[in-house]
Amino acid sequence: KNDTNCGELLLKIKFLPAGVLRVRCVSAKNLRNTMSMTGNESTIRQDPYLVLTIEGQCCSRTKRTHVDQDGGGDPEWNETLSLSLVDQYELKLECYDHDVVSSNDELIGSTVLSLLPAFKRGLVDS
């Protein structure tokens, strides 16, 4: 039996909410037109998709929807994406116009949403 002091151990413990975040990507309305209009074109010809990103100190995760071919300014995805959460508190949403020819997809718009209401209520429907 050894009763001698053999050093110190320093611990820092932090609670991290872990789980799965499910995001139902339904549709969008009146998206910004990224195409240059020529003549009397009244329809927006773009192929939108969404990129969802969660970033934390531990890791980062990204998922994307399918491209709504000729979805224009009012695309529909009706797709559920699941992301594993560890220490992330915000969800970044970016909408892009898929460009088949140049593979340089153009950003239509973006926003960042807090996940804290979802943690508090378990569901956010808006």
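For the structure, check the block above.
Just so you know, these numbers come straight off a predicted model, no measurement behind them.

Looking at this model, I keep getting lost on the sheet that holds strand β5 (residues 90-97). Mind explaining?
Reading across the sheet, the four strands line up as β3-β2-β5-β6 and stay open at both edges, with antiparallel pairing between neighbours. Lying at the two open borders of the sheet, with one neighbouring strand each, are β3 (60-64) and β6 (106-114). Each neighbouring strand pair of the sheet contributes to a mean axis angle of 20°, computed without reference to strand direction. Pairing between β5 and β6: eight bridges, direction antiparallel.

Just checking my understanding: could you explain the packing of aromatic side chains for this structure?
Think of a pair of aromatic rings as described by two things: how far the centres are apart, and how the planes are tilted against each other in angle. Going through the model one piece at a time under the given rule, you end up with one aromatic pair. Between Tyr 49 and Tyr 96 the ring centres are 5.7 Å apart and the planes differ by 20°, which places this aromatic pair in the stacked class. With Tyr 49 in strand β2 (residues 48-55) and Tyr 96 in strand β5, this pair connects stretches of sequence that are 47 residues apart. Note on accessibility: Tyr 49 and Tyr 96 belong to one class, buried. One residue, Arg 64, lies across the ring of Tyr 49, its end atom 3.9 Å from the ring centre.

I would appreciate a short explanation of unusual backbone geometry in the present structure.
Most peptide bonds take the trans form, and the phi angle of most residues other than glycine is negative. Although it is not a glycine, Asn 78 adopts a positive phi angle of roughly 45°. By the element assignment, Asn 78 lies in strand β4 (residues 76-85). What makes Asn 78 partly exposed here is its relative accessible area of 44%. Unusually for a residue other than glycine, Ser 103 sits at a positive phi of about 60°.

Is there a simple way to explain the side chain of Asp 87 in this structure?
The residue Asp 87 is located in the loop between β4 and β5 in this model. Using a relative accessible area of 8% as the deciding quantity, one classes Asp 87 as buried. At 2.8 Å, the side chain of Asp 87 forms a polar contact with the backbone nitrogen of Gln 57. Within the structure, the side chain of Asp 87 is placed 2.9 Å from the backbone nitrogen of Cys 58, a separation counted as a polar contact.

What is the right way to look at the pattern of salt bridges in this model?
Once the charged atoms of two side chains with opposite charge are near each other, the side chains can pair. The final tally for this structure, using the stated rule, is two salt bridges. We note a salt bridge from Arg 45 to Asp 70, for which the minimum N-O separation is 3.4 Å. Of this pair, Arg 45 sits in the loop between β1 (19-27) and β2 while Asp 70 sits in the loop between β3 and β4, and the two are 25 residues apart along the sequence. Comparing Arg 45 with Asp 70 shows no difference in burial state: the two are exposed. Between Glu 94 and Lys 92 there is a salt bridge, and its shortest N-O distance comes to 3.5 Å. On the accessibility criterion, Glu 94 (12% relative accessible area) is buried.

Calculation notes
Residues numbered from 1 in each chain as written. Predicted model: local features only at pLDDT ≥ 70, side-chain atom pairs only at ≥ 80, totals over all residues. Heavy atoms only, no water. Pairing = 2+ DSSP bridges. Helix = DSSP H or I, 4+ residues; strand = E, 2+ residues; numbered from the N terminus. Axes fitted to C-alpha atoms, helices over the stretch in contact; angles between N-to-C directions. Phe/Tyr/Trp six-rings, centres within 6.5 Å; stacked < 30°, edge-to-face > 60°. Buried < 20%, exposed > 50% of the residue type's maximum accessible area, 1.4 Å probe, protein only. Lys NZ or Arg CZ within 6 Å of the ring centre and 35° of its normal. Polar contact = N/O pair within 3.5 Å; in protein donor to acceptor, adjacent residues only side chain to side chain. Salt bridge = Lys/Arg side-chain N within 4 Å of Asp/Glu carboxyl O.

That is the geometry; function is a separate question.
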